[in-house]
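Inside the fold
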Amino acid sequence: MNNAPIRILGTTDPHFTDDFSRLKQQDEETSTQVETIVAKIIHEIKTKGDTALVARTNELDRNTLTAATMRFSREEIDAAYQECATADIDALRLAAERIRAYHTWQLPQMGTHTFEDMQKTTLGQRLRPMHRVGLYVPGGLASYPSSVLMNALPAKVAGVKELVMTVPTPDGVFNPLLLAAAKIAEVDEIYRIGGAQAIAALAFGTQTIRPVDKICGPGNIYVATAKRQVFGQVGIDMIAGPSEIIIIADRDNDPEWLAADLLSQAEHDTSARAILLTDHPPLANQVVQALNKHLDALQRSDICRQALAQHGAIIVTRSLNEACQLASQLAPEHLELAVANPESYLDRIDNAGAIFLGKFTPEPIGDYIAGPNHVLPTSRTARFSGPLGVTDFIKRSSLIGCTQDALKTIGPAAARLAHSEGLTAHKLSIDLRLASLS
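The present account deals with the structure reproduced in this document.

Analysis parameters
- All residue numbers refer to position in the chain's written sequence, counted from 1.
- pLDDT decides what is reported in this predicted model: residues at 70 or higher carry local features, side-chain atom pairs at 80 or more are listed and counted, and totals for whole chains, interfaces and linings draw on all residues regardless.
- Only heavy atoms go into the side-chain values, all of them from the structure, while hydrogens and water stay out.
- Criterion used throughout: strands pair if DSSP finds at least two bridges between them.
- Numbering of helices and strands runs from the N terminus; a helix is a DSSP stretch of H or I covering at least four residues, while a strand is a stretch of E covering at least two.
- What counts as a salt bridge is simple: a side-chain nitrogen of Lys or Arg found within 4 Å of a carboxyl oxygen of Asp or Glu.
- Categorising residues by exposure relies on relative accessible area from a 1.4 Å probe, with only protein chains included: less than 20% of the type maximum marks a residue as buried, more than 50% marks it as exposed, and the intermediate range marks it as partly exposed.
- It only takes one pair of heavy atoms within 4.5 Å for two residues to be counted as in contact.
- For the handedness criterion, the strands are oriented away from the viewer, and a crossover whose path from the first strand over the helix to the second runs clockwise is classed as right-handed.
- We call Phe, Tyr and Trp rings a pair once their centres come within 6.5 Å, taking the six-membered ring for Trp, and we label the pair stacked below 30 degrees between planes, edge-to-face above 60, and tilted otherwise.
- A positively charged side chain is recorded as over a ring if its NZ (Lys) or CZ (Arg) lies within 6 Å of the ring centre. The angle to the ring normal must also be within 35 degrees.

1. Observations regarding the sheet that holds strand β8 (residues 235-236)
The parallel open sheet is built from 5 strands, whose spatial order is β6-β5-β4-β7-β8. Edge strands, defined here as strands with exactly one partner in the open sheet, are β6 (189-191) and β8. Here 3 bridges tie strand β5 (residues 162-166) to β6, and the two strands are oriented parallel to one another. Opposite Met-165, over in β6, you have Ile-190 as the bridge partner.

In structure tokens:
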């Protein structure tokens, strides 16, 4: 099929190992030039505060803001909320209710928890929420109110006291649904700034914007680079790469459904990855036909075609077990198990950000309304990380308490280890106390 919008591979093909290795590779979206530009912007904001922040914002977003007008007023937020269609507000409220409920279920027991071990040492931990968190939201009309809910609500459920949102408003334009979602999620402050300068302002603070403890939210290469550069000054959620979907499908599937699911991620970006794994060879050709049909009707068909051609594939496997093994190696952001009895395959999947169970659970349900977070690990980072959740906004402190008897019991071993490492002040700290107890 020379006109196929996507490659068809087979695990029995002689060159499959090489083809699959190329599928696993991710493009590095960074450059020395971007690093240099972002470092300069961060330095400007760090040293000049509001003056640099306003100048950069007005230059890049073609605005006429001042330090006094950067923040959306309560009246502006309420007006934007009233501007939204009732059906849209109802959908946002339903989504918020489900997201809040899921993350409340996820919430660990907060406070102080201790136990006493056999040596009578008190051990434990204390869980407390972060105080102030920043949420970066891409702006303009092509923006995503669902991301506001997914980033803000876990923080609020965790008990974060102050949630600060930044959103660029190029030419003064913004999506009122963003402000409506922020109002529903009870965001405390909203500023009309974006780009690397917004990340710098959140990290270091300015005369108007107080610094935060952690920054969450997606953005372009400049935002992602800025998050990397300020990490350590503040925490960050993750560096988001292109969107990904892997579908494992058996023979009992509608090819049009599967094609639509592949396209649901391909339409995000030309770098998006969309891959179907099936043990039923005829399904591969049927999905190709369905893709061609859908592509003719989609708004973002050009983006989809490029993503499918460069980063997409349909892989015919010898079995569904083999499909699970390959999917685990890809460690996708989204994994659909479009198979009978999907729960029976869960133990065969080692790595995935979110797993969608059964053919009636398309990935977009997770993007908007299901409840679990749609902020997920990309670029194979599901091998070692997971979705954004309440624990990302909670700090753990270890608790250690020795009685005299406990110190006499375990102290000599600690002193011995300090001696073996050549840290004599460590040993002295313990030995002085032990001497007082002899």
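Don't stop here, the text continues.
2. Observations regarding the pattern of salt bridges
Opposite charge on two side chains allows them to pair when their charged atoms are near. Within the structure shown, the criterion is met by 19 salt bridges. A salt bridge links Glu-76 to Arg-192; the shortest N-O distance between them is 2.6 Å. Of this pair, Glu-76 sits in helix α4 (residues 74-83) while Arg-192 sits in the loop between β6 and α8 (195-204); the two residues are 116 residues apart in sequence, bridging distant segments of the chain. With relative accessibility at 32%, the residue Glu-76 sits in the partly exposed group. Residue classification places Arg-192 among the buried residues on the basis of a relative accessible area of 12%. With its nearest N and O atoms 2.9 Å apart, the salt bridge here joins Lys-156 to Asp-188. With Lys-156 in helix α6 (residues 145-158) and Asp-188 in the loop between α7 (176-184) and β6, this residue pair connects regions lying 32 residues apart in the sequence.

3. Topic: the environment of Gly-312
Note on placement: Gly-312 falls in the loop between α12 (301-311) and β11 (313-316). Of the residues examined, Gly-312 reaches a relative accessible area of 0% and is grouped as buried. Each C-alpha atom, one on Gly-312 and one on Ile-6, is 5.9 Å from the other, the two residues being 306 residues apart in sequence. Look past the residues within four positions of Gly-312 in its chain and what remains in contact with it is Ile-6, Arg-7, Leu-23, Ala-274 and Ala-307.

4. Focus: the pairing of strand β9 (residues 244-249)
Along β9, 6 of the 6 residues are buried, which leaves the element largely enclosed by surrounding structure. Of the two faces of β9, the one holding Glu-244, Ile-246 and Ile-248 and the one holding Ile-245, Ile-247 and Ala-249 are both buried throughout. Each parallel crossover has a hand, and for β9 linked through helix α10 (residues 255-266) to strand β10 (residues 273-278) it is right-handed. Pairing analysis gives 5 bridges linking β9 to strand β12 (residues 334-338), with the strands arranged parallel. For Ile-246, the partnering residue across the bridge sits in β12 and is Leu-335.

5. Observations regarding the packing of aromatic side chains
Inspection of every chain in the model, using the stated rule, returns 4 aromatic pairs. With a centroid separation of 5.2 Å and an interplanar angle of 75°, the aromatic rings of Phe-72 and Phe-174 are classed as edge-to-face. Pair noted here: Phe-72 is in the loop between α3 (50-61) and α4 and Phe-174 is in the loop between β5 and α7, with a separation of 102 residues, a long-range link. With 5.5 Å between their ring centres and 70° between their planes, Trp-257 and Phe-360 make a pair best called edge-to-face. Taken as a pair, Trp-257 in helix α10 and Phe-360 in the loop between β13 (354-357) and α14 (363-368) lie far apart in primary sequence, 103 residues in all. Over the ring of Tyr-81 we find Lys-183; its NZ or CZ atom is 5.6 Å from the centre of that ring. Lying across the ring of Phe-72, Arg-192 places its NZ or CZ 4.0 Å from the centre.

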